[in-house]
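# Observations on the model geometry
One letter stands for each residue in the lines below.
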Amino acid sequence: MDTLTHALSGALLARATEPKAPRPNQLPQRARMWIGFWAAAFPDSDFITRFIDPLTYLTVHRGITHSVIMLPLWALGLSLLFMLLVRGKYSWRAFVGVVALGIGIHILGDVITAFGTMVFAPFSHWRAQMPTTFIIDPYFTAIIIAGLIASAVWNLTRKPAVIGLTVLAAYVGFQGILQQRAVAVGEAYVTRHGIEAAKVEAIPQPFSPFHWMIVIPQKDVYHMTYVSLWRKEMPEFPPTDANWLRQVYASYYPARDALWKQVPRFGSGKDAKLAEQLWYSETLAAYRNFTLFPALYGVDRIQGRLCLWFNDLRFALAGRNMPFRYGACQSKKDPVWRIYRLFNDDNGEEIFEAIPH
């Protein structure tokens, strides 16, 4: 979830949990909401790891600052900081509950997306995810904003905020039902084609809660499709010069017309065996621990240098260059595999940079 939506959800939760008659040693309404706002934004402070290198940020983001184990420590630390900022006007005890709620709703808001959240860091790198919601969901954000506006209009009661949170929870629950419908589409495909030992994954997509990417991982191949659970007719095919937003929107077919494709995990050419060996090597260990649906993106042979690139299919969208592409390169002069990041510059050209690992 984007940081602003997180922060707004913290403010709404702070308002919804406000005491009916705050005591003098408790935060007043406005201060309580601001504390909830900043506390709910805090976990994304791990963006500072971008200054180390992109891969470090990728592998530690949603880690220790998003941990339920570390939550009490963060809540206490931030409460002491807020106490200092108000010069002791309120005790740290006045802040700690609001701060804990803000951090908690941030963690929950990230768990429902597909990126994965290390809720047990630093003791485990396992990423919790119940992917019901796309990482930027305008409907999700709009519900929060509506709750805050209603709270400002009817500021003598916390009921608008409570109602806003209830509607938000119902919306996420509705998305969970749609996810199960998308999984059922994949399970029907598995049954028709006799695919054994197959687990169906459904990943939320942009523009609509009815848009889903369905993935069936196999040992060496993925079965994938993009479906709309709302559409009954095929979308209009966009022209070749259409912007990527239009291309993405048109890529979701009615479930009955789902266009399934198979994506080899390590490619299908002569480099497939090499790609598999490299993927499981120590060189790509950090990136490997992050990916969910890794696949070979491409192979480059330029000026005596051999590079194999990988991406994570959970971030695949029509008409858009996939983010988080990493790989390794070697040359005759330097036969050791070294990790690199592949990305597109402002002109759309693919360039790569070394990662200091």
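The preceding data block contains the structure.
Presented here is a report on the structure given in the accompanying data block. All figures in this text were calculated on a predicted structure; none of them were measured in a lab.

### What to know about a nonpolar patch on the surface
Taken together, the side chains of V68, I69, F120, F123 and W126 define a hydrophobic patch exposed on the protein surface, amounting to about 540 Å² of accessible area. Note that V68 resides in the loop between helix 3 (54–60) and helix 4 (71–85). The partly exposed category is assigned to V68, whose relative accessible area is 41%.

### Topic: the state of the cysteines
Inspection of the entire model under this criterion finds one disulfide. A sulfur-sulfur separation of 2.1 Å characterises the disulfide bridge that pairs C307 with C329. Between C307 and C329, the disulfide has an S-S torsion of 115 degrees and is therefore right-handed. Of this pair, C307 sits in strand 7 (residues 305–312) while C329 sits in strand 8 (residues 325–331), and the two are 22 residues apart along the sequence. On the basis of relative accessible area, C307 is assigned to the buried category, the value being 2%.

### Some words on the packing of helix 1 (residues 3–16) against helix 5 (residues 92–111)
Here helix 1 crosses helix 5 at 135 degrees, and the two axes come no closer than 9 Å. Regarding the angle of helix 1 to helix 5, the classification is oblique. The two elements helix 1 and helix 5 cross, and the hand of that crossing is right-handed. Taking contact as the criterion, the partners of H6, S9, G10, L13 and A14 in helix 1 are, on helix 5, V98, L101, I105, H106, G109 and D110. Broken down by class, the residue content of the contact of helix 1 with helix 5 amounts to five nonpolar, five polar and one charged.

### Focus on helix 6 (residues 138–153)
Across its 16 residues, helix 6 extends 22 Å between first and last C-alpha, which sits within 8% of the 22 Å expected from 1.5 Å per residue. Burial in helix 6 covers these residues: F140, T141, I143, I144, G147, L148, A150 and S151. Where helix 6 is buried, its residues meet helix 1, helix 2 (29–41) and helix 7 (159–193). For helix 6, the N-terminal capping position is held by D137, with its side-chain oxygen 2.9 Å away from the main-chain nitrogen of Y139.

### Section: the pairing of strand 8
With five of its seven residues buried, strand 8 lies for the most part within the structure. Alignment of strand 7 against strand 8, held across six bridges, turns out to be antiparallel. Along strand 8, the bridge assignment pairs L306 with Q330. The antiparallel pairing of strand 8 with strand 9 (residues 338–344) creates a hairpin that spans six residues between the two strands.

About the thresholds
- Residues numbered from 1 in each chain as written.
- Predicted model: local features only at pLDDT ≥ 70, side-chain atom pairs only at ≥ 80, totals over all residues.
- Heavy atoms only, no water.
- Patch = residues over 30% accessible without salt bridge, like charges linked within 9 Å, V, L, I, M, F, W, Y side chains within 5 Å.
- Areas by Shrake-Rupley, 256 points an atom, 1.4 Å probe, with all protein chains shown as cover.
- Salt bridge = Lys/Arg side-chain N within 4 Å of Asp/Glu carboxyl O.
- Helix = DSSP H or I, 4+ residues; strand = E, 2+ residues; numbered from the N terminus.
- Buried < 20%, exposed > 50% of the residue type's maximum accessible area, 1.4 Å probe, protein only.
- Disulfide = S-S within 2.5 Å.
- Axes fitted to C-alpha atoms, helices over the stretch in contact; angles between N-to-C directions.
- Parallel < 35°, antiparallel > 145°, perpendicular 65-115°, else oblique.
- Left-handed = near helix turned anticlockwise from the far one by under 90°.
- Contact = heavy atoms within 4.5 Å.
- Nonpolar A, V, L, I, M, F, W, Y, C, P; charged D, E, K, R; others polar.
- Expected span 1.5 Å × (residues − 1).
- Polar contact = N/O pair within 3.5 Å; in protein donor to acceptor, adjacent residues only side chain to side chain.
- Pairing = 2+ DSSP bridges.

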